[in-house]
Amino acid sequence: MNQERLMKVLLGPVISEKSTLAADSSGQFVFKVAADATKQEIGRAVELLFDVKVDNVRVLNVKGKQKRFGARSGRRPDWRKAYVGLKPGYDIDFGGGV
């Protein structure tokens, strides 16, 4: 895997109540990832970008919701989410020390 591909795998962190609870209790961090990303690519991308050691990666596909816009019906796109577990002693700070 080249470094350019690894930079495009992670699309951003998922900041929610559930992901914050997972980070606090079990050291897992949640990311929105590219639809064609593999577990190995996700793990290496997190290690490269955040300078941490990854213990495990769990991936799931999130189905887009049906939404209505007035009389018209639409659908949000499907996306892929990854739960990344870090080895003990490592942490990621999204707040930037705030």
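Look above for the structure.
Residues numbered from 1 in each chain as written. Predicted model: local features only at pLDDT ≥ 70, side-chain atom pairs only at ≥ 80, totals over all residues. Heavy atoms only, no water.

Enquirer: Mind showing me how you'd approach the overall build of the chain here?
Expert: Across its full length, the chain holds three helices and six strands. For the chain, the C-alpha atoms occupy an extent of roughly 50 × 30 × 25 Å along the three principal directions. The burial tally for the chain puts 33% of its 98 residues in the buried class. In the chain, of all internal contacts separated by at least 6 residues, the share reaching a separation of at least 24 is 60%. With an accessible surface of roughly 6,800 Å², the chain has 49% of that area assigned to carbon and sulfur atoms. Side-chain charges in the chain split into 18 positive and 11 negative, and the spacing between the mean points of these groups amounts to 12 Å. (Helix = DSSP H or I, 4+ residues; strand = E, 2+ residues; numbered from the N terminus. Buried < 20%, exposed > 50% of the residue type's maximum accessible area, 1.4 Å probe, protein only. Contact = heavy atoms within 4.5 Å. Areas by Shrake-Rupley, 256 points an atom, 1.4 Å probe, with all protein chains shown as cover. Lys, Arg positive; Asp, Glu negative; His and termini not counted. Charge placed at Lys NZ, Arg CZ, Asp CG, Glu CD.)

Enquirer: What is the right way to read unusual backbone geometry from this model?
Expert: Glycine aside, residues mostly have negative phi angles, and peptide bonds mostly take the trans form. Despite not being glycine, D51 shows a phi value in the positive range, around 55°. Here D51 shows up in the loop between α3 (39–50) and β3 (54–62). Judged by its relative accessible area of 67%, D51 is exposed.

Enquirer: I tried to follow the pairing of strand β2 (residues 28–33) on my own but got confused; where do I start?
Expert: Side-chain direction in a regular strand flips from residue to residue, so the side chains alternate between the two faces of the sheet. In terms of burial, β2 is largely enclosed, as five of its six residues are buried. Bridging between strand β1 (residues 10–13) and β2 involves three bridges; their strand directions are antiparallel. Within the sheet, the bridge partner assigned to L10 lies in β2 and is V33. In this sheet, strand β6 (residues 79–86) lies alongside β2 in antiparallel orientation, the contact comprising six bridges. In the strand pairing of β6, V33 is matched with R80. (Pairing = 2+ DSSP bridges.)

Enquirer: Explanation requested: the pattern of salt bridges in the structure shown.
Expert: Note on pairing: side chains with opposite charge can pair once their charged atoms come close. For the structure shown, the criterion picks out four salt bridges. Taking the shortest distance from any N to any O, the salt bridge between R5 and D36 comes out at 3.3 Å. Of this pair, R5 sits in helix α1 (residues 3–9) while D36 sits in the loop between β2 and α3, and the two are 31 residues apart along the sequence. By relative accessible area, which is 24% here, R5 ends up partly exposed. Taken together, the shared-partner salt bridges in this structure form one network comprising R5, D36 and E41. (Salt bridge = Lys/Arg side-chain N within 4 Å of Asp/Glu carboxyl O.)

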